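Topology and contacts: notes
Below are the chains, spelled out letter by letter.
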Amino acid sequence: MDKLHQALYRHFGYSSFKKGQEDIIKSVIEGRDTVAMLPTGGGKSLCYQLPGLLTDGTVLIVSPLLSLMEDQVQQLKMRGEKRVAAYNSALTYQEKEAVLKQLHRLKFLYISPEALQSEQMLKRLQAINISFFVVDEAHCISQWGHDFRPDYSKLGEIKKQLAGPVTLALTATATEATLKDISRLLGLEEARYLIHSVDRPNIALHIEEVQDTAEKTKRLTELVRKLQGPGLVYCPTRKWAEELADRITEGTRLRTGFYHGGMEAGDRMLIQQQFIRNQLDLVCCTNAFGMGVDKPDVRYVIHFNLPQTAEAFMQEIGRAGRDGNRSISILLKAPGDKEIQEQLIQTEALSRHDIDFLYEKLAGVRDERGLKETLQQSGLTETQARHFAHLYVKFRHLGNKGREHIYQEMDFRKQQKLSKMEGFAHIAANKGCFREGLLAYFNERRKPRKTPCCTHCGLHLKDYEAKGDHPIMNQLTAWEEELDMIFAVSRDHVC
DNA sequence: CGCCGGCAATATAAATTGCCGGCGGTGCATTATT
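Now for a look at the structure at hand. Everything quoted here is computed from the prediction, not taken from an experiment. Here the residue numbering is sequential within each chain, running from 1 through the sequence in written order. Chains carry letters and ligands carry numbers; both start at the beginning, A for chains and 1 for ligands, and go up in the order they are written. Confidence filtering applies because this is a predicted model: local features only for residues at pLDDT of at least 70, side-chain atom pairs given and counted only at 80 or more, and all residues used for totals across whole chains, interfaces and linings. Hydrogens and water molecules were not included; the side-chain quantities draw on all heavy atoms of the structure.

1. Focus on the protein's contact with DNA strand B
The cutoff for a nearby residue is simple: one of its non-hydrogen atoms must lie within 4 Å of the molecule or strand. Contacts to DNA strand B come from 30 residues, most closely from Ser89, Arg238, Thr286, Glu348 and Arg386. In this structure, Trp144 approaches DNA strand B through a side-chain N or O atom, which is 2.9 Å from a base oxygen. For the purposes of these results, a polar contact is taken to be a pair of N or O atoms within 3.5 Å, where, inside protein, one atom must be able to donate a hydrogen and its partner to accept one; residues adjacent in sequence count only when each atom of the pair is a side-chain atom. In this structure, Thr286 approaches DNA strand B through a side-chain N or O atom, which is 2.3 Å from a phosphate oxygen. Put simply, the parts of the chain that give the surface near DNA strand B at least two residues each are α11 (238-251), α14 (338-348) and α17 (382-395). Only DSSP runs of H or I reaching four residues or more are called helices, and only runs of E reaching two or more are called strands; each is numbered from the N terminus. Ranked by the residues each element gives to the surface near DNA strand B, the list is headed by α14, at five residues. Per-class residue counts for the surface near DNA strand B are nine nonpolar, 11 polar and 10 charged. Classification used: nonpolar for Ala, Val, Leu, Ile, Met, Phe, Trp, Tyr, Cys and Pro, charged for Asp, Glu, Lys and Arg, polar for all others including Gly.

2. Some details on the pairing of strand β11 (residues 282-285)
Of the two faces of β11, the one holding Leu282 and Cys284 and the one holding Val283 and Cys285 are both buried throughout. Bridge analysis of strand β9 (residues 231-234) against β11 gives four bridges, and the strand direction is parallel. Looking at the pairing, Leu232 lines up with Val283 of β11. In the sheet, strand β10 (residues 256-259) pairs with β11 via four bridges, with the strands oriented parallel. Across the sheet, the residue bridging to Thr256 is Leu282, located in β11. With its strands directed away from the observer, a crossover is right-handed exactly when the path from the first strand over the helix to the second travels clockwise. One crossover worth recording links β10 to the parallel β11 by way of helix α12 (residues 265-276), and it is right-handed. Three labels apply to residues, based on accessible area from a 1.4 Å probe with only protein chains included: buried if under 20% of the type maximum, exposed if over 50%, partly exposed otherwise in between. For two strands to be treated as a pair, DSSP must find at least two bridges joining them.

3. Points about the sheet that holds β11
Spatially, six strands are ordered β8-β13-β12-β9-β11-β10 in an open sheet, and the strand pairing comes out parallel. Single-partner strands in this sheet number two, and they are β8 (203-209) and β10. Strand-to-strand twist across the sheet, computed as the mean angle between neighbouring axes with direction ignored, equals 15 degrees. Residue contacts are counted whenever heavy atoms from the two residues lie within 4.5 Å of one another. Helix axes use the C-alpha atoms of the stretch in contact, all axes being lines fitted to C-alpha atoms, and the angles between their N-to-C directions lie in the range 0 to 180 degrees. In this fold α12 packs onto β9, β10 and β11, with an angle of close to 135 degrees to the strand it touches most, β10.

4. Quick word on the nonpolar core
The criterion is simple. A nonpolar core is a set of buried Ala, Val, Leu, Ile, Met, Phe, Trp, Tyr and Cys residues joined through side-chain atoms within 4.5 Å. Grouped together as the largest cluster of nonpolar side chains are 75 residues, with contacts concentrated most on Leu109, Leu125 and Phe434. Each domain's limits were defined by an automated method or a database of domain assignments. Residue assignment places this core across two domains, with domain 1 (3-195) and domain 2 (203-335 + 453-487) each supplying three or more. In this structure, Phe434 is in contact with Leu205, Ile207, Phe313, Leu331, Phe424, Ile427, Ala428, Cys454 and His456, ignoring residues within four places of it in sequence. Listed in part, the 23 residues of the second largest apolar core include Ala204, Phe304, Leu332 and Leu459.

5. Regarding the environment of Ile130
Topologically, Ile130 is positioned in strand β5 (residues 130-135). Using a relative accessible area of 12% as the deciding quantity, one classes Ile130 as buried. The sequence separation of Ile130 and Leu60 amounts to 70 residues, and the corresponding C-alpha distance is 6.9 Å. Not counting chain neighbours up to four residues away, the residues in contact with Ile130 comprise Thr58, Leu60, Leu125, Leu162 and Pro165.

As structure tokens, this is what we get:
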């Protein structure tokens, strides 16, 4: 047994690596910047945790969600690793101070891209030894960094200011263009790429076309009644998520919840926990649901509408069948599906006219606060204001030329989003193999045909139907899981 | 674009119709005021 395997066994109790893990770990230990793609549930956190334990210094991990950081900190603590903390707005002033004081003693520090912008934090980080700079869910850099969460696009600058530690970008879903974007924004010119297929062969891909929304709703109820759960239904809006959950509750005996970003944090947590513990058969949700939901036995994912991109689609169906067992993705299509998505994209982008108007209002405004206030008073959405502010700060020193840059950048982002959306619509409309189309989008050639593959290659929905009274089965499972959890906890305490 | 809530008009009193305007997804972080 080599050193790495010994360490794996000693620290984590595993005797072998999952596919792809070892190459990633070796790469970062050798000091190479690495961009890695591992399938959902492929054990990404181990890829920086093990090297972290074998190297002096602190691992800095950028994470997109507070709840994700919380989970990771808990898990490490359960394993007996005390030198771990998260730094974000969920902390009180005192807690933040405590983390800053202890920084040099930490093995793992989880942080949001926003919190990483803090001067104070940056200064403290510059004073300690950082072993690895890790960006978890790195597709967020490309997906959110340009407009929604611009601090994601500043990570490259932060990395530079930290004297360029060895960097690891981890994701499960990215096209070649997205990987390039990640490298560019993080400044990883010499990076090694360790890419795993996005394909999930145990998830069958089904598409159904119906006439209109009414028929869709009816069909959805039929499907969830028959299918073996638990399952997820991705909905286009918050309202639809709630509405469909109501309809399903009325029309079936299934225990149904809904989940979206407009809910209280406590309610969101509750639904997620109930789903994980099999106290719910299905959840109707928006794209807010999923990141960090580590449930192995999701049997189906239904899309009530076209998702905005093929990447989003892969991410969302990827929440099914993590246990490797037979699962299904069902896409419900109807004419006019694109309109909601298209409009979301259209209304978010600012026109030349809007930008000129903002420039007029901003004449004479000097400081950061004035900028924010002015934008707030201009009737922009929060996202629009942030996107514009980001570009304005970046280009304002160029005067009128800077304004041209902003026109172009706004338009470019809009066009890119529209074309990604069209791209997926096109793949879904194709009469050939759906999987082949999807994989081609990710620059992959489809592997030898496995049945069942997709609607166009032949598949039987009957194979995915529930047998018997599964709600009772689920309660039993919940019981067993709870027992398992109790044992897992006590085991960890002993070790 | 398509949907929904709010409001006025209708036509005669409780409820429908129709028009207008706004909104729609993703999450960090809120350091200033009742």
